Each structure stands twice: as structure tokens, then as C-alpha cells.
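Below are the chains, spelled out letter by letter.
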Amino acid sequence: MIDEEAAQAQTEQDLANELAAQESLELAAEALKEKRVSLVESYIDALKSCSYYTEHVGNLISYGEEALEKCAEYEEYASLSSRFSAAVSAAEALPEYDESETDDIPEPDDAGSAGSGSTNTGSVSGSSGSTNTNSRNSSSGSANTTGVTR
């Protein structure tokens, strides 16, 4: 009789553990879905905020496409894909950034606070500051962020 009670208790515990494990997996899957969808939405927002087409925009498109592929199994995919495609089309229609047009950027009031007093075009420390104007359909793998955004 004690063996039957112990076996019954063990069976109930095993069932409870299986249900808890299943619930945990479902919660993890939902959290992953939310993060993936949010990531694609952040790429859409970033593309919409660009003022010029630069290599950085090309990288946003590439990374956004990769993130979107990971959402293919979700019900939100069609909407995300449509919104992402519209953002890509708008970004590809942007004028290319031309560093020779930096004359329109006002100098800072306090030249000492800008280091050398030069105009900041948004380049990241360690990058050359140059823009590859033929990068719309090429993928160099570098992350030059000389783009100006709003």
C-alpha cells in the first residue's frame, strides 16, 4: 500500500514537472518571438529616420533582412515584411551622403568643445570617415557609420 501511494505521488509529481516544463518552454518561445519582432521594428524605425543613403543604411537593410527571416513562422510576418519593404524602398530612394556638402553644417559655438574644431559628420571613432557611394548593392561587411540621421 505504501509503495502504491509513493508511486502515485511520484506520477503526480512527474506530471506537474512536465506541465511546468511545457509552460516554461511556451513562455520562452513567446519572449523570443517578442524580441525578434521588436528587433525588426527597430530596423524599420532606424531606416525611416535616415536622411541620406550611406553604407550604414545598407548595413541596416542587410541586418534587418536577417532579423525578418527569423520571424517567418510568426503571424506578424506579413505585416512586418510589408512595413520593412516600404522602409527599405524609402531608404534606397534617399540621396547619397556627400561629405563635400558639409559647408551647410554650422560650426559649434565653442570650438574648444569639439576637440579640433572640425565639423562632426557622425563618423565613429576608428573609422576613416569616408563614404563608399557605390555601396547600395555591394556588401563589404564593414560598419562605417558616416550617415547623418534626423
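Rules used throughout
- Residues numbered from 1 in each chain as written.
- Predicted model: local features only at pLDDT ≥ 70, side-chain atom pairs only at ≥ 80, totals over all residues.
- Heavy atoms only, no water.
- Helix = DSSP H or I, 4+ residues; strand = E, 2+ residues; numbered from the N terminus.
- Buried < 20%, exposed > 50% of the residue type's maximum accessible area, 1.4 Å probe, protein only.
- Contact = heavy atoms within 4.5 Å.
- Areas by Shrake-Rupley, 256 points an atom, 1.4 Å probe, with all protein chains shown as cover.
- Salt bridge = Lys/Arg side-chain N within 4 Å of Asp/Glu carboxyl O.
- Core = buried A, V, L, I, M, F, W, Y, C linked by side-chain atoms within 4.5 Å.
- Axes fitted to C-alpha atoms, helices over the stretch in contact; angles between N-to-C directions.
- Parallel < 35°, antiparallel > 145°, perpendicular 65-115°, else oblique.
- Left-handed = near helix turned anticlockwise from the far one by under 90°.
- pLDDT = per-residue confidence, 0-100.
- Expected span 1.5 Å × (residues − 1).

1. So, the overall build of the protein
Of the regular secondary structure elements, the protein holds three helices and zero strands. Element order for the protein, N to C, with α for helix and β for strand: α-α-α. Buried positions account for 25% of the 150 residues belonging to the protein. Nonlocal contacts in the protein, meaning residues at least 24 apart in sequence, comprise 69% of its contacts between residues at least 6 apart. Working note: accessible area of the protein is about 10100 Å², and carbon and sulfur atoms make up 49% of it.

2. Description of the pattern of salt bridges
Scanning all chains against the criterion turns up two salt bridges. For Glu76, the salt bridge identified is with Lys33, shortest N-O distance 3.3 Å. Of this pair, Glu76 sits in the loop between α2 (55-69) and α3 (77-92) while Lys33 sits in helix α1 (residues 2-48), placing them 43 residues apart in sequence. Note on Glu76: relative accessible area 27%, which makes it partly exposed. In this structure Lys33 comes out as buried when scored by relative accessible area, which is 16%.

3. Here's the deal with the nonpolar core
Core analysis: the biggest nonpolar cluster contains 20 residues, and Val40, Leu47, Val57, Leu80 and Phe84 have the highest contact counts within it. Of all the secondary structure elements, the ones that give two or more residues to this core are α1, α2 and α3. Apart from residues no more than four positions distant in its own chain, Leu80 is found in contact with Val37, Val40, Glu41, Ile44, Leu68 and Cys71.

4. Focus on the packing of α1 against α2
Taken N-terminus to C-terminus, the directions of α1 and α2 make an angle of 155°; their axes are 9 Å apart at the nearest point. With respect to their mutual orientation, α1 and α2 come out roughly antiparallel. When the axes of α1 and α2 are compared, the crossing they make is left-handed. From α1, Leu39, Val40, Tyr43, Ala46 and Leu47 reach across to α2, where they touch Val57, Leu60, Ile61, Tyr63, Gly64, Ala67 and Leu68.

5. Brief notes about the confidence of the model for the protein
Residues of the protein with pLDDT of at least 70 account for 67%, and the chain-wide mean is 78. α1 is the least confidently modelled element of the protein, averaging 95 in pLDDT, while α3 averages 98, the highest of any element. Overall, residues 113-135 carries pLDDT values under 50, and its contacts beyond four positions in sequence, including any with other chains, amount to 33 contacts. Scored below 50 in pLDDT, residues 137-150 shows 35 contacts in the model against residues more than four places distant or in partner chains.

6. Structural notes on α1
The end-to-end C-alpha separation of α1 is 69 Å, in line with the 69 Å expected for 47 residues at 1.5 Å each. Among the residues of α1, Lys33, Val37, Val40, Tyr43, Ile44 and Leu47 are the ones counted as buried. On the buried face of α1, the contacting elements are α2 and α3.

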